Amino acid sequence: MATETRYILICSGKGGVGKTTLTANIGISLAKQGTKTAVLDADFGLRNLDLLLGLENRVIYTAQEVLAETCRLDQALVKHKQEPNLALLPAGNPRMLEWLKPDDMRKIARKLGEDFEYVLIDCPAGIDDGFKNALAAAKEAIIVVTPEVSSVRDADRVVGLLNIAGIKPVQLILNRVRPAMIANQEMLSVDDVTEILALPLLGLVLEDEQVIISTNRGEPLSLKDENSLAARAYTHIARRLMGDLIPLVDPGEEGKGLRAKFGRLMKTRIF
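Residues numbered from 1 in each chain as written. Predicted model: local features only at pLDDT ≥ 70, side-chain atom pairs only at ≥ 80, totals over all residues. Heavy atoms only, no water.

Participant: Before we go on, may I ask you to explain the packing of helix H5 (residues 102-113) against helix H6 (residues 129-136) in this structure?
Facilitator: The geometry of H5 relative to H6 is characterised by a closest axis approach of 7 Å and an angle of 40 degrees between their N-to-C directions. If you check the angle between H5 and H6, you find them oblique. H5 and H6 meet at a crossing whose hand is right-handed. Residue-level inspection shows Pro102, Met105, Arg106 and Arg110 of H5 in contact with H6, the latter providing Lys132, Asn133, Ala134 and Ala136. Partitioning the contact of H5 with H6 into residue classes produces 4 nonpolar, 1 polar and 3 charged. (Axes fitted to C-alpha atoms, helices over the stretch in contact; angles between N-to-C directions. Helix = DSSP H or I, 4+ residues; strand = E, 2+ residues; numbered from the N terminus. Parallel < 35°, antiparallel > 145°, perpendicular 65-115°, else oblique. Left-handed = near helix turned anticlockwise from the far one by under 90°. Contact = heavy atoms within 4.5 Å. Nonpolar A, V, L, I, M, F, W, Y, C, P; charged D, E, K, R; others polar.)

Quick look at the structure:
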């Protein structure tokens, strides 16, 4: 390929922060900008990326068959009907976790890099073997957090592991932001989170009920409703990844009263 492939790990410390939804929608948004994009489901335990993309009925082969060399990579890739620049490599059977090694993930990712400009790796939450396998395939990372103490605290542990692994750059997406709760000091503010994690903010996504609706229908919001708050945020994130200078929306400066409480908790962090 003319340009070097970017292998981007999309990860979180805590589960349930919207990581897979972001992977699907950022993948769609990148593809809509004309870039050849692959999304690799590295969460072999839950395997939800195909559902969120509405591709579950088209999965025949998976990463498991590619590694076993019982099918070609192009046979396992599922191309999105509405966005031809996007393809999914589904996760294999959960039993793969028993034998899958970091070298296997590197092999899969490099195969994808022969045909795609972006490889987004949907990483399982936490810091166990699934995370370590997915990490081996990446060269840069995006950490997804919600403005909650537990989410940010767990993300800080992941940041430490990414730094040890030499992953650069590591950027931050703040998801499910509720400005009213920040204003009432019921949620960590954007400044709180970026200061605690010491990461550049790639984007923030405001809470949007359309995300839940589109996820349940298997219709990525980036395809369905370009005018929703979340869909615009996904597009802006994709464009920032591509190097475009898109200004960030500031939902408010309030909510800093939680910082002191969080600072006490961080003193007990473990890597």
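The discussion continues.
Participant: Mind showing me how you'd approach the state of the cysteines here?
Facilitator: When the sulfur atoms of two cysteines share a covalent bond, that bond is a disulfide. Going through the model one piece at a time under the given rule, you end up with 0 disulfides. Left unpaired, Cys11 is separated from the closest cysteine sulfur, that of Cys123, by 5.6 Å. (Disulfide = S-S within 2.5 Å.)

Participant: Could you clarify how one ought to interpret helix H9 (residues 190-197) in this entry?
Facilitator: Each α-helix turn comprises 3.6 residues. Residues three or four places apart therefore point the same way. Taken together, the buried positions of H9 are Val190, Asp192, Val193 and Leu197. The buried side chains of H9 occupy one side of the element, clustering within an arc of 165 degrees when seen end-on. At the exit of H9 stands Ala198, carrying a positive phi of roughly 55 degrees. (Buried < 20%, exposed > 50% of the residue type's maximum accessible area, 1.4 Å probe, protein only. Arc of directions from axis to C-beta.)

Participant: So what exactly am I meant to see when it comes to the packing of aromatic side chains here?
Facilitator: Two measures describe an aromatic ring pair: the distance that separates the ring centres and the angle between the ring planes. Using the criterion set out here, one finds 0 aromatic pairs in the structure. Its guanidinium or amino end placed over the ring of Phe116, Lys36 lies 5.5 Å from that ring's centre, counting from NZ or CZ. (Phe/Tyr/Trp six-rings, centres within 6.5 Å; stacked < 30°, edge-to-face > 60°. Lys NZ or Arg CZ within 6 Å of the ring centre and 35° of its normal.)

Participant: Help me out: how do you make sense of the layout of surface pockets in this one?
Facilitator: Rolled over the atoms, a probe sized like a water molecule indicates the empty space that remains. If you add up the space inside the largest pocket, you get close to 400 Å³. Lining the largest pocket are 27 residues, with Gly18, Lys19, Thr20, Thr21 and Arg176 positioned closest to its centre. Counting residues per element, the ones that place at least two in the lining of the largest pocket are helix H1 (19-32), helix H2 (49-52), strand E7 (170-177), strand E8 (201-206) and helix H10 (209-217). For the lining of the largest pocket, a count of residues per class yields 10 nonpolar, 9 polar and 8 charged. (1 Å grid on protein atoms, 1.4 Å probe; cavity = no way out; pocket = protein on both sides within 12 Å on 5 of 7 lines; lining within 4 Å. Points joined across faces, edges and corners; volume = space filled by probe spheres on them.)

Participant: Where do I start with the UniProt feature "binding site: ATP" (unreviewed entry) in the chain in this structure?
Facilitator: As annotated by UniProt and renumbered to match this structure, "binding site: ATP" (unreviewed entry) occupies Lys14, Gly15, Gly16, Val17, Gly18, Lys19, Thr20 and Thr21. Among the residues just listed, Lys14, Gly15, Gly16, Val17, Gly18, Lys19, Thr20 and Thr21 line the largest pocket. Relative to the assigned elements, Lys14 resides in the loop between strand E1 (6-11) and H1. Take Lys14: its relative accessible area is 26%, and that puts it in the partly exposed class. Overall, Gly18 belongs to the buried group, its relative accessible area being 11%. Once residues lying within four places of it in the same chain are set aside, the contact partners of Gly18 are Asn175 and Arg176. (UniProt positions renumbered as here; feature names shortened; annotations may be inferred.)

Participant: Sorry if this is basic, but what is going on with the nonpolar core here?
Facilitator: Proteins that are soluble and globular tend to have nonpolar side chains buried together. Leu9, Leu89, Leu112, Ile121, Ile143 and Leu162 are the most contacted members of the largest nonpolar core, which totals 54 residues. Considering every element that reaches this core, the biggest residue donor is helix H7 (residues 149-165), with 5 residues. Residues in contact with Ile143, not counting those within four places in the same chain, are Cys11, Ala155, Val158, Val159, Leu162, Val170, Gln171, Leu172, Ile173 and Leu199. In terms of nonpolar packing, the next biggest core, distinct from the first, is built from 33 residues, Leu53, Val211, Ala233 and Ile237 among them. (Core = buried A, V, L, I, M, F, W, Y, C linked by side-chain atoms within 4.5 Å.)

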